[in-house]
Every structure is written in C-alpha cells, then in structure tokens.
Amino acid sequence: MGKTKSKKEQKPPGKCIFCGNSGNLTKQHVFSNMLKQYIPRTQKGSRHYFGSDGFKKASELQKQIPHKVDKGDMGVRQIRNVCSICNSEWINSIEQELKTLLGELILGEEKEIPDQKIASLVNWIAITTIMGENTHISDRAIHKDERKKIREEGKPSENWLIWIGEYSGKETQLYRHATHIPLEPKDLEIPGFSACDRLNNCQCTVMIHGKLFIVAATIPAASIRGIFLEQIKNFSQQLIPITPKALKNLSLLNRFFGNRETFAKIWPAQLKVNDNDLLAISNAMPEIGKFMERNGIATNVRRIN
C-alpha cells in the first residue's frame, strides 16, 4: 500500500500575485528591506486597520476601530506570494533605481524629485500597497488584473490614485488599509469566490516611512472616485498627485497648484502632513463606504485599461 500524502504535500503550489505563475515563490518584504538603514525596526507590533467605523479620535484608535495586530515590526513582515523571477528582476530593478531617492525622502532631505524618477516611484508605491494588503488575504481588494498590468506594462492602471506628502507627526512607520467591497448575494453562491474577484472593489492605503507620507487608492467605481477626490482636495496644500494620469494631464495639477511645468517644481508641498491630517485622510474611504451603503448608491465600475 502506498504512503498517504500529508496535507502539506497535497496542497497545490501557490501562484505569484503579479504574473500568476505557480510555484517557485520566494519571501518578499512588504516594506522593502533596503529601508531598514533609514527606519529603525523597533516596533513591537503593527496594526492593520480596516476602518469600517472610521478613524475618529486618536484616543479611540486602538480601542474601537476594527483592526488586526501582527507581532513584530512591519518593516520585517514578509509574504510568500511573489515568484523568484518577479522578485529578483523587475521589482528589484525598481527598488535599486529608487534607493537613494527613497532614503532622502524618508529622511526629509530631498527637496526636488527628478521627473524621470516619478514613474518608478509610482510603481514602487503600487507594489508596496499590493504587498501590504496581501499580509491579510481575506481583506484584500485590489483585483488581479491591476497587479498583472503593473508587471506587463510597467505602470498601474488609471484606477490608481496616488499622492505623496511630507510628514511632520509622531509616527516613524505606519500602515493603514481601508476597503469598500460591495458584495452581492449571488457572489456567495459562486464556488471558490473571493471578494478580491470583484472589479468594483475600492481600497485606500495610507503609509508613513519616516518623513514620506503616501496615500495610494484603487477606485474603479466612478461613483466613489468623485466623492473621494472631493475629500482629498481638502488637503491639496499637503498632498501632491503623482499617478500617471495626473502627471500627463497638467490641467489637474494646475487645478490644485496653479501653472507648473514639471513635477520637480511642485515638490515639496506647501504644507506638511500632521497627525490630524493623517486621521482625516485615513477616514476617507470608510466614511465613503458607509455613505454609499446608507444611500443605496450603485458602484458603477471603471474598467481596467
């Protein structure tokens, strides 16, 4: 009689979250390992907020807001969802290109960002956002086609909205992830259905790396996009949009900042991001989700292109 295989042996090989290939997965740091020389890894635990009730008062943040706690510093967290080819080739290439620039941004020393570095910075932020939500697979919202596009075309889709700012608060490293996933009863009847399979999922991730403040959202639903942009516009003096569409369409930059010819001339922002701004920005997506549900507003999907 043959030897019975263990459950571990029977489990099929995992797939890379970027290329979709099976097997040969390697451990990949959520926050790039090169950041450790700039940010001390002294946190005893990291909290992943999912914000269904908003981020309200700072004193209530760790008591009433839904979140998950992981032991250890977020800087050492790793996922085994990326294949060795993606990890060592195109992702590593982006990290190496940005190594010096990211260090300067984290330390608050960089006062001019070269235009030619913007595309790589956008890709690095999108990759880090995807890594972050894959530490808790059941809560991820970014569709597989979004991840695939970054690898194949070297840029995120126009469903991405990304801003950066200069942070002046108390945190040294922070990650917050809030989602709006409008499920329908029929979804639960689909065998093997995952909430990540829905095209109209929305998420907003807020990250702090030293002095570098990042907001990265994926919003395919046009009805939510407009509301979200209106909220972010309240922080136009603190946040600068850097997604490809924003940089391509100078009218958007002009609407926020007046006539500027290049990105280098609009950095840094007029004001720094403080901890009150952090709470308000983190609260944007949860509040929008609740508003949509209360008012029965449909989430009209903006297709990935």
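Position labels on residues start from 1 in each chain and follow its written sequence. For this predicted model, a pLDDT threshold of at least 70 governs which residues receive local features, and a threshold of 80 or more governs which side-chain atom pairs are given and counted, while totals over whole chains, interfaces and linings are taken from all residues. With hydrogens and water stripped out, all remaining heavy atoms of the structure feed into the side-chain values.

Asker: Explain the nonpolar core to me, please; I cannot follow it from the model alone.
Answerer: Looking at soluble globular proteins, one finds that nonpolar side chains tend to be buried together. Side-chain atoms within 4.5 Å link the members of a nonpolar core, which is a set of buried Ala, Val, Leu, Ile, Met, Phe, Trp, Tyr and Cys residues. The cut-offs for exposure are 20% and 50% of the maximum accessible area for each residue type, with area from a 1.4 Å probe on protein chains only; residues under the lower value are buried, those over the upper are exposed, and the others partly exposed. Grouped together as the largest cluster of nonpolar side chains are 46 residues, with contacts concentrated most on F18, W124 and I125. Helix and strand labels come from DSSP, where a helix needs a run of H or I of at least four residues and a strand needs a run of E of at least two; each type is numbered from the N terminus. Contributing elements (two or more residues each) for this core: β4 (78-83), α3 (84-107), α4 (118-133), β5 (160-166) and β8 (212-218). By the convention used here, residues are in contact when the closest approach between their heavy atoms is within 4.5 Å. Beyond its immediate chain neighbours, meaning those up to four positions away, F18 contacts V82, C86, W90, I91, I127, I130, M131, R147, K148 and R151. C204, I208, V215 and A221 belong to the second-largest nonpolar core, a separate cluster that totals 25 residues.

Asker: What am I meant to see in helix α9 (residues 275-282) here?
Answerer: Side chains three or four residues apart in an α-helix point the same way, a direct result of the helix having 3.6 residues per turn. Looking at α9, one finds that the buried residues are D277, L278, L279, I281 and S282. Polar contacts here mean pairs of N or O atoms no more than 3.5 Å apart (in protein, one a potential hydrogen donor and the other a potential acceptor; neighbouring residues in sequence count only if both atoms are side-chain atoms). Here α9 starts with a cap whose side-chain oxygen sits 3.0 Å from the backbone nitrogen of N276, and that cap is N274.

Asker: How do you make sense of the packing of aromatic side chains when you look at a structure like this?
Answerer: Centre distance and the angle of the planes are the two values used to describe a pair of aromatic rings. Here a Phe, Tyr or Trp ring, Trp counted by its six-membered ring, pairs with any other such ring whose centre lies within 6.5 Å, and the pair is stacked when the planes are under 30 degrees apart, edge-to-face when over 60, and tilted otherwise. Counted according to the given criterion, the structure contains three aromatic pairs. Look at Y167 and F213: their rings are 6.2 Å apart centre to centre, the planes differ by 25°, and that puts the pair in the stacked class. Here F213 lies in strand β8 and Y167 lies in the loop between β5 and β6 (173-180), a separation of 46 residues in the sequence. Residue class for Y167 comes out buried when judged on its relative accessible area of 1%. On the accessibility criterion, F213 (0% relative accessible area) is buried.

Asker: Please clarify how the sheet that holds strand β7 (residues 202-209) should be interpreted in this entry.
Answerer: Backbone hydrogen bonds are what pair the strands of a sheet, in a parallel or an antiparallel way. The rule for pairing is simple: two strands pair if DSSP sees at least two bridges between them. Spatial ordering of the open sheet is given by β6-β7-β8-β5-β9, a layout of five strands whose pairing is antiparallel. A strand with exactly one partner marks an edge of an open sheet, and here the two such strands are β6 and β9 (240-241). Of the pairings in the sheet, the one linking β5 to β8 comprises seven bridges and is antiparallel in character. Following the sheet pairing, I162 is matched in β8 by A216.

Asker: Please explain the side chain of E146 as it appears in this structure.
Answerer: Within the element layout of this structure, E146 appears in helix α5 (residues 144-153). The sign given to each residue is positive for Lys and Arg and negative for Asp and Glu; His and the chain ends receive no count. Salt bridge, as used here: a side-chain nitrogen of Lys or Arg that lies within 4 Å of a carboxyl oxygen of Asp or Glu. At 7.4 Å, R225 is the nearest oppositely charged side chain to E146, a buried residue that forms no salt bridge. In this structure the side chain of E146 is engaged in a polar contact, spanning 2.8 Å, whose partner is the side chain of N159. For E146, the side chain forms a polar contact with the side chain of W160, separated by 3.3 Å.

Asker: Help me understand the side chain of H143, please; the structure alone is not making it clear to me.
Answerer: Looking at where H143 falls in the secondary structure, it is placed in the loop between α4 and α5. Engagement of the side chain of H143 in a polar contact is seen with the backbone nitrogen of D145, the distance being 3.0 Å.

Asker: Help me understand the packing of α3 against α4 in this model?
Answerer: Angle between the axes and distance between the axes are the two parameters that describe a pair of packed helices. Each axis is a line fitted through C-alpha atoms, taken for helices only over the stretch in contact, and angles between the N-to-C directions span 0 to 180 degrees. At a minimum axis separation of 9 Å, α3 and α4 run at an interaxial angle of 105°. The angle between α3 and α4 falls in the class roughly perpendicular. Side by side, α3 and α4 meet where W90, I91, I94, E95, E97, L98, L102 and L105 of the first sit next to S120, L121, N123, W124, I127 and M131 of the second. Looking at the contact of α3 with α4, its residues break down into 10 nonpolar, two polar and two charged. Roughly parallel means an angle under 35 degrees; roughly antiparallel, over 145; roughly perpendicular, 65 to 115; everything else is oblique. Residue polarity is assigned by list, with Asp, Glu, Lys and Arg as charged and Ala, Val, Leu, Ile, Met, Phe, Trp, Tyr, Cys and Pro as nonpolar; anything else, Gly included, falls into the polar class.

Asker: I would appreciate a short explanation of the environment of N159 in the present structure.
Answerer: Along the chain, N159 falls in the loop between α5 and β5. Along the chain, N159 and T218 lie 59 residues apart, while their C-alpha atoms are 5.4 Å from each other.

Asker: So what exactly am I meant to see when it comes to the environment of E133 here?
Answerer: Here E133 lies in helix α4. In contact with E133, other than residues within four places in its own chain, are R140, A141, I142, Y175, H177 and Q203.

Worth remembering: the numbers are spatial, not functional.
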